[in-house]
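Now for the letters of each chain:
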Amino acid sequence: MSKQEIIIEENLGLVHACCKRFKNRGIEYEDLYSAGCLGLVKATRNFSFDRNVKFSTYAVPVILGEIKQLFREAGTVKVSRSLKELSIKAKKISEDYKKATGQDIAVKLLAEKLDTSVEKTMDALNCAQFPLSLTQDNNDEEQTLEIPVDSSEEKLTEHMSLNQAIEQLNKEDKNLIVLRYYKQKTQSQTAKELGMTQVQVSRREKKILLSIRQKLIV
């Protein structure tokens, strides 16, 4: 077995982790996996092991690029009607539970209330939001960054994809995101540091998050 074949075999887990992000969006898993494997092969061909960079750091964006290209060629990302309906129910139950208890509902309990599996519940939640969940409370002041993942490899792909999207932002937008989600500043604190109003930060932040979401999904 050649060195390239060994590297491919050792990193097939990365392909599966990347593919999981796009389950139930209109393209069969086998096709996602095939596109991901093509990306992995390209990554092994083009990666220079002389660089002081981990192979996975280089490979994940290449794998995701091939999978996203599959969606671009197929048109828009689709979600089944049944999953959309389940997502709507999950959202309502989650909101009602938080109003009643002041806490977020656990996925296991949500699955029980929906009378479905935890895996199906996660799919329903993920189809309603982009993989890195950016949620905010009702006063639009405090926001938290959550990373709902199933494995260390999947967490790695999410983290790399998000970092890649943030790096593509202009300097001002990048500073805003760093202050809000890496330094855990409130919108008011961020506004003071950037010489903006809280309203301006709120509006700009929503536009930036929408831009990041589109880059991660498409």
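Because the structure is a prediction, the values reported are computed rather than measured.

Asks: Hey, could you run me through the overall build of the protein chain in this one?
Replies: The secondary structure content of the protein chain amounts to 11 helices and 2 strands. N-terminal to C-terminal, the α/β element order of the protein chain is α-α-α-α-α-α-α-β-β-α-α-α-α. Residues classed as buried in the protein chain amount to 36% of the 218 residues present. Long-range pairs, those at least 24 residues apart, make up 60% of the contacts in the protein chain with a sequence separation of at least 6. Counting every atom, the protein chain has about 13000 Å² of accessible surface; 49% of that belongs to carbon and sulfur.

Asks: Sorry, what's going on with the pattern of salt bridges here?
Replies: Pairing is possible between side chains of opposite charge, provided their charged atoms come close. The final tally for this structure, using the stated rule, is 6 salt bridges. A salt bridge links Arg180 to Glu205; the nearest nitrogen and oxygen atoms lie 2.8 Å apart. Here Glu205 lies in helix α11 (residues 198-217) and Arg180 lies in helix α9 (residues 171-182), a separation of 25 residues in the sequence. Taking relative accessible area as the criterion, Arg180 reaches 2% and is therefore assigned buried.

Asks: I would appreciate a short explanation of helix α10 (residues 187-194) in the present structure.
Replies: Because each turn of an α-helix spans 3.6 residues, side chains separated by three or four positions end up pointing in the same direction. Considered for burial, the residues of α10 that qualify are Gln187, Thr190 and Ala191. Viewed end-on, α10 has its buried residues packed into an arc of 100°, placing them on one side of the element. A positive backbone phi angle near 70° is found at Gly195, which sits one or two residues after α10.

Asks: Honestly, the packing of helix α5 (residues 81-101) against helix α6 (residues 107-114) in this entry has me stumped. Any pointers?
Replies: For any two helices packed against each other, the geometry is given by the interaxial angle and the distance between the axes. At their nearest, the axes of α5 and α6 sit 10 Å apart, and the two run at 120° to each other. The angle between the axes of α5 and α6 places the two elements in the oblique class. Relative to α6, the crossing made by α5 is right-handed. Contact residues: α5 offers Leu86, Lys89, Ala90, Ile93, Ser94 and Tyr97, while α6 offers Leu109, Leu110, Lys113 and Leu114. Of the residues in the contact of α5 with α6, the class split is 7 nonpolar, 1 polar and 2 charged.

Asks: Looking at this model, I keep getting lost on the side chain of Glu66. Mind explaining?
Replies: Among the secondary structure elements, Glu66 is positioned in helix α4 (residues 55-74). Glu66 sits in the buried class, given a relative accessible area of 18%. Beyond its immediate sequence surroundings of up to four residues, Glu66 is in contact with Ala35, Leu38, Gly39 and Lys42.

Asks: Before we go on, may I ask you to explain the nonpolar core in this structure?
Replies: Leu32, Phe55, Ile63 and Ile67 are the most contacted members of the largest nonpolar core, which has 21 residues in total. At the level of elements, α1 (3-10), α2 (12-20), α3 (29-46) and α4 are the ones that each hand at least two residues to this core. No other element matches the 7 residues that α4 contributes to this core. Listed in part, the 12 residues of the second largest apolar core include Ala165, Leu169, Ala191 and Val201.

Asks: How do you make sense of the environment of Ser202 when you look at a structure like this?
Replies: One can find Ser202 in helix α11. For Ser202, a relative accessible area of 7% puts it in the buried group. Along the sequence, Ser202 and Ala191 sit 11 residues apart, while their C-alpha atoms lie 9.1 Å from each other.

Asks: Teacher, can you tell me more about the confidence of the model for the protein chain here?
Replies: A low pLDDT score tells you not to read the predicted coordinates there in detail. This prediction gives the protein chain a mean pLDDT of 76; 78% of its residues lie at or above 70. The least confident element of the protein chain is strand β1 (residues 133-136), whose mean pLDDT is 36; the most confident is α10, at 90.

Parameters and conventions
Residues numbered from 1 in each chain as written. Predicted model: local features only at pLDDT ≥ 70, side-chain atom pairs only at ≥ 80, totals over all residues. Heavy atoms only, no water. Helix = DSSP H or I, 4+ residues; strand = E, 2+ residues; numbered from the N terminus. Buried < 20%, exposed > 50% of the residue type's maximum accessible area, 1.4 Å probe, protein only. Contact = heavy atoms within 4.5 Å. Areas by Shrake-Rupley, 256 points an atom, 1.4 Å probe, with all protein chains shown as cover. Salt bridge = Lys/Arg side-chain N within 4 Å of Asp/Glu carboxyl O. Arc of directions from axis to C-beta. Axes fitted to C-alpha atoms, helices over the stretch in contact; angles between N-to-C directions. Parallel < 35°, antiparallel > 145°, perpendicular 65-115°, else oblique. Left-handed = near helix turned anticlockwise from the far one by under 90°. Nonpolar A, V, L, I, M, F, W, Y, C, P; charged D, E, K, R; others polar. Core = buried A, V, L, I, M, F, W, Y, C linked by side-chain atoms within 4.5 Å. pLDDT = per-residue confidence, 0-100.

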